[in-house]
Structure formats: structure tokens, C-alpha cells
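Structure assessment
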Amino acid sequence: MRSDTIKTGAARAPHRSLLRACGLTENDFGKPFIAIVSSHVDIIPGHVHLNQVNEILKREIIKAGGVPFIFNTIGVCDGVAMGHAGMKYSLASRELIADSVETMLTAHQFDGMICVPNCDKIVPGMLMAAVRCNVPTIFVSGGPMEAGTDPKTGDKLDLISCFSAAAANQAGSLADDDLKRIEENCCPTCGSCSGMFTANSMNCLCEAIGMALPCNGTMLATSATRKRLYGKAARRIVDIVRDLTQAEIEGKKSPRVRPRDIITNESIDNAMILDMAMGGSSNTVLHLLAIASEAGLNYSMKRFNELSDKTPNICKVSPSCKYHVEDVHNSGGIFTILGEIRRGCPNLLNERATTISGKTLGSLITTWDARSPKVSKEALTFYAVTAGGKRTPRGMSQPQTVKTVADLKLSFDPFDCIRTTSKAYSATGGLAILYGNLAPNGSVVKSAGVLPEMMVHTGPAVVFESEPEAYDGIVNGKVKAGDVVIVRYEGPRGGPGMQEMLGPTTAIKGVKLDNSVALITDGRFSGGTAGASIGHVSPEAADGGTIGLVQNGDVVEIDIPNRRLDVKVSESELEARREKQKQFEPRIKTGYLARYAKLASSADTGAVLR
């Protein structure tokens, strides 16, 4: 075992003495050492309950014959960090998380790892560490938040409801009492915010990429059934380490269960096919590129358009639709989405891709697709989770009230929530990569969230030099119907840290311009963003990109179906402007963000540190 490095032989007596001080006994030194890499943070609703998860995993690992050790990473709540200097640290925290996990795994020579993330940059940060260290790893998220309910209207609410309401209130179109009511009811429980935002997108992608067990991304944080999921994960990681150890002892070929065996070009394709099918967050592009880079894979952003052209968008979730993640779960979860893709688009998925379960992706689809004739009883039981409808920060507090998904009394049609390919929202995927003279190296749009009338749009540019300036300009009437908002110097180097633009995009919706105004940025968007919002423009303004040369009034052309993004200014004029442009001066000159800005790569390569 890898942990023998710190626990075997006379030279390791001092090491064992320190481990004994932690509570280990003689019997423990022959067992696998399993790291429980948690991200419990009291200020993030998706993470406030993770200590409960840690303790369940700890007990289950002991029962399975392993020795568990818990350590925590940092975590940034994008919602709390939004709209001020804190957002600059969100993407940058991904690298800190990857580095800290690498440090702990290597310093203490763990045999295996269970990662317990939930929100935003924490999932990809841990995935990056997993492929970097290549220690057997399984992911178990904390689960999604229940959707809220407006007590006055009965409408479902989530965090984006509150961001939009705040912008409407500032613009004078929503009363203070209405804003207060939405604020108090939009985020009722622990868990990652209830729409298909970045956190839930990444937790769902963990299932398709093969690093998590079925239901990881969609089963509610409040569901007591999650305890069974955690028990399965704990037993599985101990079994994997034992199998690898036994193969080493017997001189046999090791099972292919390490992260670099699972995360391949083929499995990343599977993850992106899922993302295209369910209209996930545009941030997944950034993170999958970074994970591929850590795994040493040659994976280009151009591949996403190739997959999008073949993948129908069959599921929409808030902010692009009325449905929430709990509805997707009751409709059959991620493997039912993949099942519909398999039925409607044969051979698109790489079904032979291995997963941490020890089964191929195709085998899991057969037994976990709720519409499969061979679906397992366990799957139908797991999908029968219901919301408690009560405010609580405690996870796993809602008991299961029915035995199987067939017993659920749903208020919606699950075949509308997860559609067949013949009834898809669109024949192509929910994300698109746009190129043109405004984005020579590419840009990203969540096309599933774009209104039909905004798929092709031409308008004059209204330029802002930062995210806060853009938000203030929008709510104070500087942007008119037909305009194209440009927000620049918010890329990985320019921001620094590539801020999310949830404030400006929800402001556009709040002032009722979402059907006539587009927003383009070298920053990025929250998974909660909808509308004609185009981000990750590369090269960024701070690297001399064309977006830094755009002037107020320049005509910008957006053509999402044809994957184009252009500013109608001649090359000679752009060159003349470039010659007059002042050299970019970093906004932050000390601390972590100053170092990050010097090392961060472009968004089209995942904004990784070089």
C-alpha cells in the first residue's frame, strides 16, 4: 500500500508514534489509509452540512476495514462573493484547492481519497488534484438545495430569483416588501443552489465522467437516502485500494480505477455530451479544459462545437426553464438523460468508458436509466426522493416517504423535464463556442438560455471597464434596447481572477431588457446566468485582445447558430487603435491575486496556472 511509506519498518517508528497519538492502534497499520477531503465551510449553504457527511463516511470506512482521516479545503461561495472584490478570488481558489489537496495527499501518502465538494470551484479543484496525484478517488457531493416557494404566488424560487428581484428593486420596478419576501424564501435549505448552476452542473458531470456514483449530482442534500449513497462510496474506495494492493502482491495487472484511467478524452467527451444535453453552466468548459490539462490530455475547445452539433438539448433547468434539479432527479436523474441520448443518438456516447463503480458507463445507463427495461430496483428507490419544504441547514433530515419513483405524485410531466430526442428543445447542444474577430481564440455562450429572438443580434456597443461599472450602468439606464454591453478587463489576468457577471446579467433581466440586449465579456458567467451572455472572450483585453479595442457605438454582430462573434470595424482601424492603446497596468500588485495574474493562462486553455 502507498501508506506503507509512512507506517512500515523500523525507520518509521517515529511516524507510527505520531499516528498513535491521533488514536490509531496496532491493528490499524495494516489497513488502507483513506483521506476524506471535505470542504466544510459554515458560510456556504452547499457546505454547511458537510461535517455530517464526513462523520458518516468516517464510520462507513471503518466498517469497511479502512482507516479514515478528514481534512478540509477552503471554499468560496460565489453568491456571497458576487458583486465586490471577493469574486476575484473565486476562480483563483480552484488552484489553491488543487494545490492543497496535492500537498496533503503527498505529505501523508494516503492510499485512497473520497472528495466531498459541492459548490463552484471546489469540485473542479478537487478533480484537478485527483488526476494530478492519480490516487484512487471517488467523489460524493453534498447534494443540491431544495427550491424555494413564493408564499404569495406559489411560484418556485431560487437564488437567481433574488438577484433579478434586487435589480428590479434598484430600478424602481419592484416594491421593497416583494424583494424581502423573495429574499426570505428563495434559498430554504442547505445544499448547492437549486438550479443547474455551476455547482450542480459539475456534480452531475462527475457522474458522466465516471468519478462519482449515480445520483451524486441530483439527490437533494436534505434527503436521508444520501446516507446510502455515502455508504456505497465508502465501501467502494476501500475495495479499490484492497484490489490494487492484492494485484501488486500477486504481480498481476492493476485494475484500471485510478483517476487517469477514468478521466480520458473519451470520458471528457461523455461529460460534455451530458452538459450539452442538459444545458449546464458555461463554466464547465473552463473547468473541463483545466482538468484535461492536469491529466496531460490534448483536448481543444473546438471539440465542444463538434459535440454540440451532434447532441440535442433535451433538458432545461433553472435559470433556463421552470424546472429545478430536484425535478430532474425525480424524472430519473443524469443516467436517464444519458439513456435518452443513447436511444436517440446511437454511438454518440463512449459507453465503454470505465467508471469508479467498476462498471462501464454503458452498463450504468442500462441499470440507472429510469426508462430502461432493465432499470434496477435500487435506482427506482433512489429517484423517489422528495423535498421536505421546511427551512433547515441540516443535511439528510428528510426521510423517504415512498418506496419507489412510481409512487411519487409529481406536479409536472417527467417526460417534459427530461425529453426524448425527438422532442428536444433544439437539435444541437446547450453550449456553443463562438469565433470571429472579436474572439479569435473563442468565446462561450450557454445557448440553452438564450431567447430565440436573441440567437442572432446586431447592435451598438456600450463599453464598461469592469463588472461593477456595468451593473451600475444597466440599473441606472445607460443601456437601451438593442445595445450590446461589453464588459472587459475581467479575464484571468485582467480581473484578475475572471469575475462572474451574474450581477449585470440579472440586472438586464431585472430591467426587462433580456429580450433585446446582449452582454459580451472576457470574464465569465455564473451557472445561474441566462440570456444572450457571451463570456470567456479570448484573447482577453489584458492580453491585447480585440475586446480591448472596441469603442462605444461600434456595431457588434452575434450569430449563435453559425458560431460567429464579430465587431464591424476594419482590420486597419483595429490596428490603428492597437498602436495607440496603453499597456495594461495590473489592478492588484500584491498578494495571491498578483501572483495568479502573472501565471494564469487564457480562458480558452482553462485559465490554469503556467
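Each chain carries its own residue numbering, running from 1 in the written order of its sequence. Only residues with pLDDT of at least 70 are given local features in this predicted model, and only at 80 or more are side-chain atom pairs given and counted; all residues enter the totals for whole chains, interfaces and linings. In computing side-chain properties, one takes all heavy atoms of the structure into account and sets aside hydrogens as well as water.

1. With respect to the pairing of strand 9 (residues 456-464)
Rules: For two strands to be treated as a pair, DSSP must find at least two bridges joining them. Think of it this way: any DSSP run of H or I at least four residues long counts as a helix, any run of E at least two long counts as a strand, and we number them from the N terminus.
Direction of pairing for strand 9 relative to strand 13 (residues 555-559): antiparallel, over a ladder of five bridges. Residue pairing for strand 13: P460 is matched across the bridge by V555. Sheet analysis places strand 9 next to strand 10 (residues 484-487), joined by four bridges and oriented parallel. When the bridges of strand 10 are listed, V463 appears paired with I486.

2. Things to note about the side chain of N305
The condition is simple: In protein, a polar contact means a hydrogen-donor-capable atom and an acceptor-capable atom, both N or O and within 3.5 Å, with residues adjacent in sequence counting only if both atoms are side-chain atoms; elsewhere, any N or O pair within 3.5 Å suffices. The contact definition used throughout considers only heavy atoms, calling two residues in contact when any of these lie within 4.5 Å.
Residue placement: N305 occurs in helix 14 (residues 302-310). A distance of 2.8 Å separates a polar atom in the side chain of N305 from the backbone oxygen of I433. Not counting residues up to four positions away in its chain, the partners in contact with N305 are A432, I433, Y435 and R563.

3. Concerning the sheet that holds strand 2 (residues 67-72)
Backbone-to-backbone hydrogen bonds pair the strands of a sheet. The strands run either parallel or antiparallel. Let me state the cut-off plainly: Axis lines are fitted through C-alpha atoms, for helices just across the contact stretch, and the angle between N-to-C directions can take any value from 0 to 180 degrees.
The sheet built from four strands is open, its strands ordered 2-1-3-4 with parallel pairing. The two strands at the open ends of the sheet, each matched to only one other strand, are strand 2 and strand 4 (137-139). Along the sheet, successive strands turn relative to each other by an average axial angle of 20 degrees, direction set aside. Summarising the sheet, strand 3 (residues 112-116) and strand 4 pair through three bridges and their orientation is parallel. By the bridge assignment for strand 4, C115 is matched with F139. Here helix 10 (residues 226-250) sits on the sheet and contacts strand 1 (33-38), strand 3 and strand 4; the angle it forms with strand 3, its principal contact strand, is near 155 degrees.

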